[in-house]
Amino acid sequence: AKAISQLGKSQQWQQALELLQGDEHCDLVTFNAAISACAKAKQWQQAEVVFQAAKAAELVPDIVSWNSLLNAYASGGQWPLA
């Protein structure tokens, strides 16, 4: 999660998603870091994909998950989705 978070801070969301895909034992913190990385890069559609992937992995989104997704919608100008 830490590496994904660092990539997100430097706007390298594609690399963050590659790390996420390469980790077969992702926890919610890792997914949240990837959602946040997408949000920082205004990639709301990718954030939504990661959010849905976390749910598909039977992880229950927490307040950080929802806030990160809402931030992605807001940064991407998608207020109706928020």
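Residues numbered from 1 in each chain as written. Predicted model: local features only at pLDDT ≥ 70, side-chain atom pairs only at ≥ 80, totals over all residues. Heavy atoms only, no water.

Trainee: Lay out the packing of helix α4 (residues 44-56) against helix α5 (residues 63-75) with the relevant residues and their values.
Mentor: Here α4 crosses α5 at 160°, and the two axes come no closer than 8 Å. If you check the angle between α4 and α5, you find them roughly antiparallel. The way α4 lies across α5 gives a crossing that is left-handed. Between α4 and α5, the residues in contact are Trp44, Ala47, Glu48 and Phe51 and Ser65, Trp66, Leu69, Ala72 and Tyr73, respectively. Counted by class, the contact of α4 with α5 contains 7 nonpolar, 1 polar and 1 charged residues. (Axes fitted to C-alpha atoms, helices over the stretch in contact; angles between N-to-C directions. Helix = DSSP H or I, 4+ residues; strand = E, 2+ residues; numbered from the N terminus. Parallel < 35°, antiparallel > 145°, perpendicular 65-115°, else oblique. Left-handed = near helix turned anticlockwise from the far one by under 90°. Contact = heavy atoms within 4.5 Å. Nonpolar A, V, L, I, M, F, W, Y, C, P; charged D, E, K, R; others polar.)

Trainee: Just give me the short version of the state of the cysteines, but keep the residues and values in it.
Mentor: This structure, assessed with the given rule, holds 0 disulfides. In this model Cys26 remains outside any disulfide bridge; the closest cysteine sulfur is found in Cys38, 13 Å from its own. Under the relative-accessibility criterion, Cys26 is labelled buried at 18%. By relative accessible area, Cys38 is classed as buried at 0%. (Disulfide = S-S within 2.5 Å. Buried < 20%, exposed > 50% of the residue type's maximum accessible area, 1.4 Å probe, protein only.)

Trainee: Please set out the confidence of the model for the protein chain residue by residue, giving values where relevant.
Mentor: For any part of a model where pLDDT is low, the fine detail of the predicted coordinates should not be relied upon. Overall, the prediction assigns the protein chain a mean pLDDT of 89, with 99% of residues at 70 or greater. Of all helices and strands in the protein chain, the one with the weakest mean pLDDT is helix α1 (residues 2-9) (82), whereas α4 scores best (96). (pLDDT = per-residue confidence, 0-100.)

Trainee: Describe the side chain of Thr30, listing the residues and the values that go with them.
Mentor: Tracing the backbone through its elements, the reader meets Thr30 in helix α3 (residues 28-40). At 2.7 Å, the side chain of Thr30 forms a polar contact with the side chain of Asp27. Residues contacting Thr30, with those up to four places away along its chain left out, are Ala1, Ile4, Leu20 and Asp23. (Polar contact = N/O pair within 3.5 Å; in protein donor to acceptor, adjacent residues only side chain to side chain.)

Trainee: A description of unusual backbone geometry should follow, citing residues and the corresponding values.
Mentor: Positioned with a positive phi, Lys42 is a non-glycine residue whose angle comes to about 60°. Tracing the backbone through its elements, the reader meets Lys42 in the loop between α3 and α4. Unlike most non-glycine residues, Glu58 shows phi in positive territory, near 65°. Here Glu58 is to be found in the loop between α4 and α5. Using a relative accessible area of 72% as the deciding quantity, one classes Glu58 as exposed.

Trainee: Go over α3 with me, naming the residues and quoting the values.
Mentor: When the terminal C-alpha atoms of α3 are compared, their 18 Å separation across 13 residues agrees well with the 18 Å that a helix rising 1.5 Å per residue should span. Burial analysis of α3 places 10 of its 13 residues in the buried class, the great majority of the element. By the burial criterion, the buried members of α3 are Leu28, Thr30, Phe31, Asn32, Ala33, Ala34, Ile35, Ala37, Cys38 and Ala39. Those residues of α3 that are buried lie in contact with α1, α2 (13-22), α4 and α5. Lys42 sits one or two residues past α3 and shows a positive phi near 60°. (Expected span 1.5 Å × (residues − 1).)

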